[in-house]
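# What the coordinates show
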Amino acid sequence: MQNQIEETESTEIMENSQIKKQSLTYLFFKRLTDIILSLLALICFSPVFLGVWIANRFGDNKGPLFFKQTRIGKNGKPFKMYKFRSMIVNADELLHSNIELYEKYVENNYKLEPDEDPRITKLGRWLRRTSIDEIPQFINILKGDMSIVGPRPVVKEELKEYGDRVDKFLSVKPGAMGLWQASGRSNIGYPERCDLELSYVDHASYWYDVKIMFKNIISIFKNTGAY
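Now for a description of the structure that goes with this document. (Residues numbered from 1 in each chain as written. Predicted model: local features only at pLDDT ≥ 70, side-chain atom pairs only at ≥ 80, totals over all residues. Heavy atoms only, no water.)

### Focus: the environment of serine 86
For the record, the criterion: Working definition: helices are DSSP H or I runs of at least four residues, strands are E runs of at least two. Numbering for both runs from the N terminus. Residues count as neighbours in contact if any of their non-hydrogen atoms are within 4.5 Å of one another. In protein, a polar contact requires one atom able to donate a hydrogen and another able to accept it; more generally it is a pair of N or O atoms within 3.5 Å, and residues adjacent in sequence count only if both atoms are side-chain atoms.
Tracing the sequence through the fold places serine 86 in the loop between strand 2 (78–84) and helix 4 (91–97). In this structure the C-alpha to C-alpha distance between serine 86 and lysine 122, which are 36 residues apart in sequence, comes to 8.2 Å. Leave out the neighbours within four places in its chain, and serine 86 touches Arg119, Ile120, Thr121, Gly124 and Arg128. Here arginine 128 takes part through its side chain, which lies 3.0 Å from a polar atom of the side chain of serine 86.

### What to know about the nonpolar core
Convention followed: We call a set of buried Ala, Val, Leu, Ile, Met, Phe, Trp, Tyr and Cys residues a nonpolar core when their side-chain atoms join them within 4.5 Å. Buried residues are those whose accessible area, probed at 1.4 Å on protein chains only, stays under 20% of the maximum for their type, while exposed residues exceed 50% and partly exposed ones sit between those limits.
In terms of nonpolar packing, the biggest core is built from 26 residues, with Phe84, Ile135, Ile148, Val149, Leu179, Tyr200 and Ile212 touching the most fellow members. Secondary structure elements with two or more residues in this core: helix 2 (24–44), helix 3 (46–55), strand 2, helix 7 (137–143), strand 3 (147–149), helix 9 (179–183), helix 10 (192–203) and helix 11 (206–222). Look past the residues within four positions of tyrosine 200 in its chain and what remains in contact with it is Tyr26, Lys30, Val149, Gly150, Pro151, Leu179, Tyr208, Asp209 and Ile212. Listed in part, the 15 residues of the second largest apolar core include Ile72, Leu101, Tyr105 and Tyr190.

### As for a nonpolar patch on the surface
As a reminder, the rule being used: Patches here are clusters of residues that have more than 30% relative accessible area and form no salt bridge, with a 9 Å joining cutoff for like charges and a 5 Å cutoff for nonpolar side chains (Val, Leu, Ile, Met, Phe, Trp, Tyr). Each accessible area is a Shrake-Rupley estimate made with a 1.4 Å probe; only the visible protein chains count as cover when residues are assessed. The term salt bridge refers to a side-chain nitrogen of Lys or Arg lying within 4 Å of a carboxyl oxygen of Asp or Glu.
A grouping of Phe28, Phe29, Leu32, Ile36, Leu37 and Leu40 is seen on the molecular surface, where their side chains present a nonpolar patch of about 540 Å² in accessible area. Within the secondary structure, leucine 32 sits in helix 2. Looking at leucine 32, the relative accessible area reads 35%, which means it is partly exposed.

### Structural notes on unusual backbone geometry
Keep in mind that most residues, glycine aside, have a negative phi and that most peptide bonds are trans. A cis amide bond links tyrosine 190 to the next residue, proline 191, at an omega of 5°. In this fold, proline 191 is placed in the loop between helix 9 and helix 10. Unlike most non-glycine residues, asparagine 90 shows phi in positive territory, near 65°. Looking at the secondary structure, you find asparagine 90 in the loop between strand 2 and helix 4. For serine 131, which is not glycine, the phi dihedral falls at a positive 65°. Taking relative accessible area as the criterion, serine 131 reaches 9% and is therefore assigned buried.

Listed below in structure tokens is the structure:
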């Protein structure tokens, strides 16, 4: 028993030391890059915001431009993550009111296949397939809720998937792009997803972030795991 306790304490110390490797210099340049790239992205993608806003005036997609969902950020702080709305209004209420649908959602790693998800609009399917729905997250990055690269922010229910490693997962700022998305996105479920996200925490560095960012861009063009 004593050996087990010592082994657990040793593991915790090792994980804490790994987290401390994120130096102030790294965090400074990471934040500077986040601000510069998110500003440029919001300017460049402004016509997309206008186009989606116009499309939201008509048909079954009629409603607000953004879908705001509560996600869990660094140190367990909740925040509203922005996406272009790809679902009908009150989609979350529909999901939680349908027990069978919600159970299928949880079993499928907190996702539903587009063809069996009654919440997604026709425009929404295209937005998701092209990953255009993710563009508003540059607002979250500019605000400081997220970084360009980091573990994908999850809803509160998903935290249990990380078990006793949840504090490690929440020790870094979540990202719009991460190792999980670069490795296959929705094609990779729990618990493998946990291992990938925590692997990023262990190896985070500026150049590792750059590598992951480019791998994400390639995955976007390939539509890998996008739905």
